[in-house]
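Examining the three-dimensional arrangement
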Amino acid sequence: MFKKIGKAAEPTAEELEFIYSMLEQLSDSEIIDEMQNTPYPLRTTGFIKRRRREFAAAKKILEKNVKIDDPVVNEARRQHVVRVIETAKTLVGKELLDTYDRDNFDSPNETEAISEALDNRLEYFDGIPELLDAFLRHFTYEEKANGQLYGDMIVQDPLKAIEICRLLILRGTLLGECSICKIWH
Ligand SMILES: [Zn+2]
C-alpha cells in the first residue's frame, strides 16, 4: 500500500492517539520517522506541530478538571453551598419560613411588616458582606427571581422573596455562578 501525502486525509482517532503518545518524548521529525512503519498516512512537520498545539491546549483543560476533583476544593465548594443556604435561613428566619403562605398574610399592612422584618434581618450580615454577597448573587439566578435583586423584591413582594429562599433551602443546591463558585467552574 502506498502512502498518500496531503491535507485531504483527516487523522483518525487511532492516529491521533499514536501521535499524542509520542509528543512529549520525540521531536516532530522523529515522530514522522516513527510513522513510516505504520498504516497511517505520511505527515508533514507542520501537521505534527498543529497536533502539538492541540495537545498542549487539551492538556491544560485536563489539568484544570483534575483540580476540580481535588477533595480540598470539593470540600470548600460544599461549605460554600452550605453557607449560602444558612445565609438564606438567617435572612428569612424560621418563623417566616414556616408561615409565609399568602393565605396567612393577605393584608397590605402585614406584607409591609414582613418587608420590614426582612430588611432588618439584613443587618445580621453587616460584618460579613462576603456571605451576603454570595447569597445575593445566587438569589438572582433562581428561576422565580428572574434576575430580580433580593433587596428590591423584599420591598415589592416579600412573600415571593421568602418563597424563593425556601425553595433554595429545600433544594440544597445553588444555581448560577458567584465569585467563589467561579474559581472552580
Ligand atoms: Zn457561589
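Residues numbered from 1 in each chain as written. Predicted model: local features only at pLDDT ≥ 70, side-chain atom pairs only at ≥ 80, totals over all residues.

Considerations on the overall build of the chain
Along the chain, the regular secondary structure elements total ten helices and zero strands. In the chain, the succession of α and β elements from N to C terminus is α-α-α-α-α-α-α-α-α-α. In the chain, buried positions account for 17% of the 185 residues. (Helix = DSSP H or I, 4+ residues; strand = E, 2+ residues; numbered from the N terminus. Buried ≥ 20, exposed ≤ 12 C-beta atoms within 10 Å, placed from the backbone.)

Observations concerning the packing of helix α6 (residues 108-121) against helix α9 (residues 158-171)
At a minimum axis separation of 9 Å, α6 and α9 run at an interaxial angle of 55 degrees. In terms of axis orientation, α6 runs oblique to α9. In this structure, α6 uses T111, I114, S115 and L118 to contact α9, whose residues at the interface are P158, L159 and A161. Across the contact of α6 with α9, the residue classes tally to five nonpolar, two polar and no charged. (Axes fitted to C-alpha atoms, helices over the stretch in contact; angles between N-to-C directions. Parallel < 35°, antiparallel > 145°, perpendicular 65-115°, else oblique. Contact = placed C-beta atoms within 7 Å. Nonpolar A, V, L, I, M, F, W, Y, C, P; charged D, E, K, R; others polar.)

Some details on the nonpolar core
Counting 22 residues, the largest nonpolar core has A88, V92, A161 and C165 as the members making the most contacts within it. Elements represented by at least two residues in this core include exactly α4 (71-92), α6, α7 (129-141), α8 (150-156) and α9. At six residues, the largest contribution of residues to this core is made by α9. Ignoring sequence-local partners within four residues, the contact set of A88 consists of F135, C165, L168 and I169. (Core = buried A, V, L, I, M, F, W, Y, C linked by C-beta atoms within 7 Å.)

Some words on unusual backbone geometry
With phi around 55 degrees, N146 is a residue other than glycine that occupies positive phi space. Checked against the element boundaries, N146 lands in the loop between α7 and α8.

Quick word on the environment of T140
On the secondary structure map, T140 appears in helix α7. For the pair T140 and L175, spaced 35 residues apart in sequence, the C-alpha separation works out to 9.0 Å.

Here we look at the environment of E10
By the secondary structure assignment, E10 is in the segment before α1 (13-23). E10 sits 31 residues away from P41 along the chain, and the two C-alpha atoms are 9.5 Å apart.

Re the packing of α4 against α7
For the pair α4 and α7, interaxial distance at closest approach is 9 Å and the crossing angle is 85 degrees. When the axes of α4 and α7 are compared, the pair comes out roughly perpendicular. Side by side, α4 and α7 meet where H80, R83, V84, T87 and A88 of the first sit next to L131, L132, A134, F135 and H138 of the second. Here the residues of the contact of α4 with α7 sort into six nonpolar, three polar and one charged.

Section: α9
The end-to-end C-alpha separation of α9 is 20 Å, in line with the 20 Å expected for 14 residues at 1.5 Å each. Of all the positions in α9, only P158, L159, A161, I162, I164, C165 and L168 are classed as buried. Downstream of α9 by a residue or two, G172 has a phi angle that is positive, lying close to 75 degrees. (Expected span 1.5 Å × (residues − 1).)

Here we look at α7
Every α-helix carries 3.6 residues per turn, so stepping three or four residues along brings you back to the same face. In this model, α7 (13 residues) spans 19 Å end to end at C-alpha, consistent with the 18 Å of a helix rising 1.5 Å per residue. All buried positions along α7 are accounted for by A134, F135, R137, H138 and F139.

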